[in-house]
Amino acid sequence: MIKRARAEAHPVFSRFHSNCHMTPIEAIKRWFVSLDEELQSDIAYMFVSLTLGDCQFSPAAAVRRLLQWFDLRSAGTEYEDALAAVVFRASFEYMFADRFTAAGWTFPEQLFKDVIREAAEGKEASKFATRAFRLLRNLPDRKTKWREAGENWNALVNSALNDDALKQWTHEQFLASDFGPAQD
């Protein structure tokens, strides 16, 4: 079946849309690979381990696994592509949407501080204290990266990955396929 997505007028979406033949999953992949490596690792590890159930992957291997999943999904029918976009969108927003705002960082920041405090008190958390300290130190930079990723993600969802846009894209692909109405 032929798979073609309409180019959208939204300026942020067009950054991910180098041509007008991109499927929803290809648009997600384009957004994903535009991210900083640290964010790619966070997203891929959570998606691959929690959504796909593949817990044996390291964060770096999870990035490769997620890219492989994008390619596999975009090679399917327009329905498989659109449904994969829905799955990724729902999983991603469930796991990460709170990172798009300053308020969403309150819990992780407090958790890191608690781990460091418990390590200083000699409790078992000391094995995680070094990582917690590094994460706490890098929190301002991570907040900025996530806010930017969230702005771009929201623009992509609003322009091409919302339910109406996905249904319209799927319908257009079906009509353009061999299974659509016969042209006389």
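Residues numbered from 1 in each chain as written. Predicted model: local features only at pLDDT ≥ 70, side-chain atom pairs only at ≥ 80, totals over all residues. Heavy atoms only, no water.

A. Region of the structure containing the pattern of salt bridges. Counting across every chain of the model gives 13 salt bridges. Several salt bridges converge on common partners, so that one network encompasses Asp36, Glu38, Asp42, Arg99, Asp141, Arg142 and Lys145. (Salt bridge = Lys/Arg side-chain N within 4 Å of Asp/Glu carboxyl O.)

B. Broad picture of the packing of helix α2 (residues 24-33) against helix α5 (residues 78-96). Where α2 meets α5, the closest approach of the two axes is 8 Å, and the angle between their N-to-C directions is 40°. Classified by the interaxial angle, the pair formed by α2 and α5 is oblique. Counted together, Pro24, Ile25, Ile28 and Trp31 of α2 and Asp81, Ala84, Ala85, Phe88 and Phe92 of α5 form the full contact between these two elements. Taken together, the residues of the contact of α2 with α5 sort by class into eight nonpolar, no polar and one charged. (Axes fitted to C-alpha atoms, helices over the stretch in contact; angles between N-to-C directions. Helix = DSSP H or I, 4+ residues; strand = E, 2+ residues; numbered from the N terminus. Parallel < 35°, antiparallel > 145°, perpendicular 65-115°, else oblique. Contact = heavy atoms within 4.5 Å. Nonpolar A, V, L, I, M, F, W, Y, C, P; charged D, E, K, R; others polar.)

C. Representation of the packing of aromatic side chains in the model. Enumeration according to the criterion identifies 14 aromatic pairs in this entry. On the basis of an interplanar angle of 55° and a centroid distance of 4.8 Å, the ring pair of Trp31 and Trp153 is categorised as tilted. Residue Trp31 is found in helix α2, and its partner Trp153 is found in helix α8 (residues 139-161); the two are separated by 122 residues along the sequence. Each of the two residues, Trp31 as well as Trp153, counts as buried. These aromatic residues form a ring-pair network of at least three members: Trp31, Phe32, Phe47, Trp69, Phe70, Phe88, Phe92, Phe96, Phe100, Trp146 and Trp153. (Phe/Tyr/Trp six-rings, centres within 6.5 Å; stacked < 30°, edge-to-face > 60°. Buried < 20%, exposed > 50% of the residue type's maximum accessible area, 1.4 Å probe, protein only.)

D. Region of interest: the packing of helix α4 (residues 59-74) against α5. The contact between α4 and α5 brings their axes to 8 Å, and the two run at 145°. For the pair α4 and α5, the contacting residues are Leu66, Trp69, Phe70, Arg73 and Ser74 in the first and Glu80, Asp81, Ala84 and Phe88 in the second. Looking at the contact of α4 with α5 residue by residue, the classes come out as five nonpolar, one polar and three charged.

E. View of the nonpolar core. Counting 37 residues, the largest nonpolar core has Trp31, Phe32, Ile43, Leu66, Phe88, Phe92 and Trp153 as its most contacted members. Trp153 has contacts with Ile28, Trp31, Phe88, Arg89, Phe92, Glu93, Phe100 and Leu161, leaving out every residue within four places of it along the chain. (Core = buried A, V, L, I, M, F, W, Y, C linked by side-chain atoms within 4.5 Å.)

F. Geometry of α2. Residues Pro24, Ile25, Ala27, Ile28, Trp31 and Phe32 constitute the buried set of α2. One side of α2 carries all its buried residues, which in axial view fall inside an arc of 160°. (Arc of directions from axis to C-beta.)

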